[in-house]
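Spelled out, the chains give:
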Amino acid sequence: MELNKASTRNAWAAVDYLTRQVRNGDLDPGLTQWVKTQGLDLDNTVFSSVCLFDEGVYTGTLVDRDGRVWEFLADLNDPQASEMDDVTNALGPKSPEHPRADPCDLITMSILYHRDEQVAA
């Protein structure tokens, strides 16, 4: 993907940085382990956002190996309270195929980043 604008490069860098932080366990090793226990392949999962909601509780959005977009609540203190919702069919303008898509949106960029990784593999 060509990154012609600084804002697009910044969005790419943000997705890249966060994805590497989760994959490497640098953000929180417990979160990385939680992702694995959800059956997600870390090498093929891209993260557009992860926020610390409370101590040991994270919310965020990810793209899985199949290009599906998921919103999640990861409660590391009580894994049974965790949730993952497939929001792929409700993306609207966040989908790169939508006519009003904005590559600076981090969800849109995470999908583009995921696609680029798949092509490179």
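From a predicted model like this one, the values you see are computed outputs, not experimental measurements. (Residues numbered from 1 in each chain as written. Predicted model: local features only at pLDDT ≥ 70, side-chain atom pairs only at ≥ 80, totals over all residues. Heavy atoms only, no water.)

Caption draft 1: Representation of the packing of aromatic side chains in the model. Taken as a whole, this structure holds two aromatic pairs when the rule is applied. Arranged with centres 4.7 Å apart and planes meeting at 50°, the rings of Trp-12 and Tyr-113 form a pair that is tilted. Taken together, the residues Trp-12 in helix α1 (residues 6-24) and Tyr-113 in helix α3 (residues 106-120) connect sequence positions 101 residues apart. Classification of Tyr-113 as buried rests on a relative accessible area of 3%. Ring centres of Trp-34 and Phe-72 lie 5.6 Å apart, and the angle between their planes is 35°; on these two criteria the pair is classed as tilted. Note that Trp-34 is positioned in helix α2 (residues 29-37) and Phe-72 in strand β3 (residues 69-75), a separation of 38 residues in sequence. With a relative accessible area of 4%, Trp-34 lands in the buried category. (Phe/Tyr/Trp six-rings, centres within 6.5 Å; stacked < 30°, edge-to-face > 60°. Helix = DSSP H or I, 4+ residues; strand = E, 2+ residues; numbered from the N terminus. Buried < 20%, exposed > 50% of the residue type's maximum accessible area, 1.4 Å probe, protein only.)

Caption draft 2: The sheet that holds strand β2 (residues 57-63), seen in detail. Pairing in this open sheet of four strands is antiparallel, and the strands run β1-β2-β3-β4 from one edge to the other. Since the sheet does not close on itself, it has two edges, and those belong to β1 (46-54) and β4 (83-86), each with one partner. Across the sheet, the axes of successive neighbouring strands diverge by a mean angle of 15°, strand direction being ignored. Across four bridges, β3 lies against β4 in antiparallel orientation. (Pairing = 2+ DSSP bridges. Axes fitted to C-alpha atoms, helices over the stretch in contact; angles between N-to-C directions.)

Caption draft 3: The arrangement of the pairing of β3 in detail. Here β2 pairs with β3 via seven bridges, running antiparallel. Residue pairing across strands places Leu-62 opposite Trp-70, the latter belonging to β3. Linking two consecutive strands that pair antiparallel, namely β2 and β3, is a turn of five residues; a positive phi of about 85° is found at Gly-67 within it.

Caption draft 4: Focus on α1. The first and last C-alpha atoms of α1 sit 26 Å apart over 19 residues, in line with the 27 Å expected at 1.5 Å per residue. Of all the positions in α1, only Thr-8, Ala-11, Trp-12, Val-15, Leu-18, Thr-19, Gln-21, Val-22 and Arg-23 are classed as buried. Buried-residue contacts for α1 involve α2, β1 and α3. (Expected span 1.5 Å × (residues − 1). Contact = heavy atoms within 4.5 Å.)

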